Amino acid sequence: TCLSKGDGFHYPPCHMLNLSGFRILIDCPLDLLALTIFSPLPCDVGIEAYGQNDQNPIQKKQKLERQMTPDDLVCAEPWYKTVKALHLWEASLIDIVLISNPMGLLGLPFLTQHPRFCAKIYMTEATAKIGQLMMEDLVSMHMEFKRFHGPEDSSFPCWTKNLDGEEVPGVLKNLVFGENGDDLGSWMRLYSLDDVKSCMKKVQAVKFSEEVCYNGTLIIKALSSGLDIGACNWLINGPNGSLSYVSDSIFVSHHSKFFDFHGLKGTDVMIYSGFSCLQTAEMTENDCISTMRYIHIRPSFYKDERLAASLLDNEESLGELEKLAFVCSCAAESADAGGSTLITITRVGIVLQLLELMSDSIESSSLKVPIFVISSVAEELLAYTNTIPEWLCEQRQEKLISGEPSFGHLKFIKDKKIHLFPAIHSPNLIYKVKYNYYLRLWQNRTSWQEPCIVFAPHWSLRLGPSVQLLQRWRGDPRSLLVLEDGISSGLGLLPFRPISMKILQCSFLSGIRLQKLPTLLSLLQPKIVLVPDVINQRINLSTMKTKSILSYSENKTLSVGRIAENADVEIMAELATKLSWKKLRQRENFGVARLKGDFVMENGKQRLVSGLDQEESSGKARTLRHWGSVAPETLLESLVKMSVTGSIEHRRDENGAEGKSIIYITDPSGGMIETSEMGTTIITDDETLASKIFQAIDGILDGI
């Protein structure tokens, strides 16, 4: 079941699987874009006055026709929107939680604080650390927000009552209530720092390619996705087959470990959940058809090596470096004109590369522009990223081996060219200043200097230092705002209008491009592929060499049949050598043996672990089960050889068709054998005769 298709990197998709009887939740994010319904600044109009219904019909019509203004936003303590329908699931029924990247972790404390939650949580070590720091930073910024707005005492957000009227803009209603009006239950108060710590205590952190076993049945392995530091795809092996879960991935990265697609080859089922490819898709229908034909017509020329090489070309990664260089050049131009730059990018890998490039650019130029990183976890996060070479690309690992830092920001921090501060009002950054939310007074400063370049978390431009800095620089046409694609410049910047700043909205690669998906599937060759319906509508995958390609939709359950017809069972070699095999008459090259032992599930494999139980001292066990049909004539011939005589009577049913046959035994004693499609029945008082009849049947049928 796809609980949410997400909205790119900032809101990854969420799925619920039922595999081998276990319920598995994959990712538990927050819809951070929904935060844009809130006003980041104090409002002159209170909550009670928001959206009052004392307007006449003409005024209501005018309000509907006009453009949105900051007054339309909710002026209250923010609530947070979790995955749709997740609150409807019984927490105690979830057995496993898999987290693919730090953004997929942000909503997990809402689930773990449930008293009946008892699932096992798996994620990589880097995702656990970075995700925890991100949650702590979010809580810190939310607490700062509450200090200015004041806490809301109600256990239910009263502002929702004022957003259901006709005069409320449709975009706000859609964010709050959803397209079908059933999203209201997804809104929750933010968790606390204690909730974050309690959540992380339940986490079992894993390394890339490390196998962990759940309940002796499922073998789970995390494989690098290349999206960001610690981000992964999942491989699950169980008694009923193998399953791979492929999320948004990047083949070649300049900071994180490359996409390890080799470990995902040949699985029984592959779930592809990379919705980000739709945001960057530039493929036409004709391009799609020609690509598919090329792969289908000339398969012999596309060996694994060639397919892999086509996926690992440097074109995309070089394009990403060009984007980063362009951001640096734009920031330098603003600084040269006397303007400051605010960079509100949250992807850790992108921030690290920008810090490195920006510092190198400034050092090689005549500009003397300070760089500030303002976040409550900045110091700890930047220090951590230089201690985890196993999660980085080979180039970064080689730098560390040669004695250099993995990322260049460490040197610039030591040289005091990059300044780290936990908050905008830190004593060493700004002091002796009458500080308020609008930052109107900035005199008597210490480290602060303008123009400058500031990296600051934003959370949809509603929380954190980005809000104050935007309020300060919004009227300066020399200053620059760098936004990530996915943040609506309309609704996101609404509280800060009119805005004179230059705005640079960047679209960084956040998943597999749609054009490369057919090549990836040709290389991985899963038996069954599950893809989102919106992707299946954009690209033709019907010619792929897989057993089947299935589409799944949001909030709809899709059932996939069992792949393996026969499950594999392991038998100890010592036990196998003691078995007395009996060849089957009706199937050549097949044998059967009987044993008495224990059938167990261990490390995802079914095993027979106990010894052989032989009946009778002769070592030959009596046959307990037969299969097949007994021909009366053949049976009577066998009995005659044992000095047993009798006659056959064939009976027909009411429709005249052949029914049961009866063999009447007359010598050496009386008896009767009744045969039909349902089975064979022996009736006699003579145990010796019954034993001979059973022996004759055993000589005809296969049995064990």
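Residues numbered from 1 in each chain as written. Predicted model: local features only at pLDDT ≥ 70, side-chain atom pairs only at ≥ 80, totals over all residues. Heavy atoms only, no water.

Caption draft 1: Summary view of the pattern of salt bridges. Summed over the entire model, instances satisfying the criterion amount to 16 salt bridges. For the salt bridge of K81 with D183, the shortest nitrogen-to-oxygen distance reads 3.1 Å. You can see K81 sitting in strand β4 (residues 80–81) and its partner D183 sitting in the loop between α4 (170–177) and β7 (187–188), a full 102 residues away along the chain. Note on accessibility: K81 and D183 belong to one class, buried. Close ionic contact of R472 with E450 constitutes a salt bridge, the shortest N to O distance being 2.7 Å. Placement of the pair is R472 in helix α13 (residues 465–473) and E450 in the loop between β16 (418–421) and β17 (453–455), with a sequence separation of 22 residues. By relative accessible area, which is 32% here, E450 ends up partly exposed. Salt bridges here are not isolated pairs; linked through shared partners, they connect E363, K411, D415 and K417. (Salt bridge = Lys/Arg side-chain N within 4 Å of Asp/Glu carboxyl O. Helix = DSSP H or I, 4+ residues; strand = E, 2+ residues; numbered from the N terminus. Buried < 20%, exposed > 50% of the residue type's maximum accessible area, 1.4 Å probe, protein only.)

Caption draft 2: Looking closely at the pairing of strand β26 (residues 605–608). Sheet topology note: the strand β22 (residues 569–571)/β26 ladder contains 3 bridges and is parallel. Paired with I571 across the bridge in β26 is L608. One ladder, built from 4 bridges, connects strand β25 (residues 599–602) with β26; its direction is antiparallel. Considered in β26, the bridge of M601 is made with Q606. Counting the residues that bridge the hairpin from β25 to β26 gives 2 residues, and of these N603 lies at a positive phi of roughly 55°. (Pairing = 2+ DSSP bridges.)

Caption draft 3: How the structure looks around the sheet that holds strand β18 (residues 480–484). With respect to topology, 6 strands assemble into an open sheet ordered β16-β15-β17-β14-β18-β19, the strand pairing being parallel. The open sheet terminates on both sides in strands that have one partner only, identified here as β16 and β19 (502–506). With strand direction ignored, the average angle separating the axes of adjacent strands in the sheet is 20°. Inspection of the sheet shows strand β14 (residues 341–343) paired to β18 by 3 bridges, in the parallel sense. Each residue of the ladder has a partner; that of T341, found in β18, is L480. Relative to the sheet, helix α9 (residues 348–363) contacts β14, β15 (371–374), β16 and β17, its axis offset from that of β17 by approximately 165°. Along the sheet face, α13 touches β14, β15, β17 and β18 and points at about 155° away from the line of β14. (Axes fitted to C-alpha atoms, helices over the stretch in contact; angles between N-to-C directions. Contact = heavy atoms within 4.5 Å.)

Caption draft 4: View of the side chain of S426. With respect to the helices, strands and loops of the structure, S426 is situated in the loop between β16 and β17. The exposure class assigned to S426 is buried, which follows from its relative accessible area of 6%. Engagement of the side chain of S426 in a polar contact is seen with the backbone oxygen of A423, the distance being 2.7 Å. (Polar contact = N/O pair within 3.5 Å; in protein donor to acceptor, adjacent residues only side chain to side chain.)

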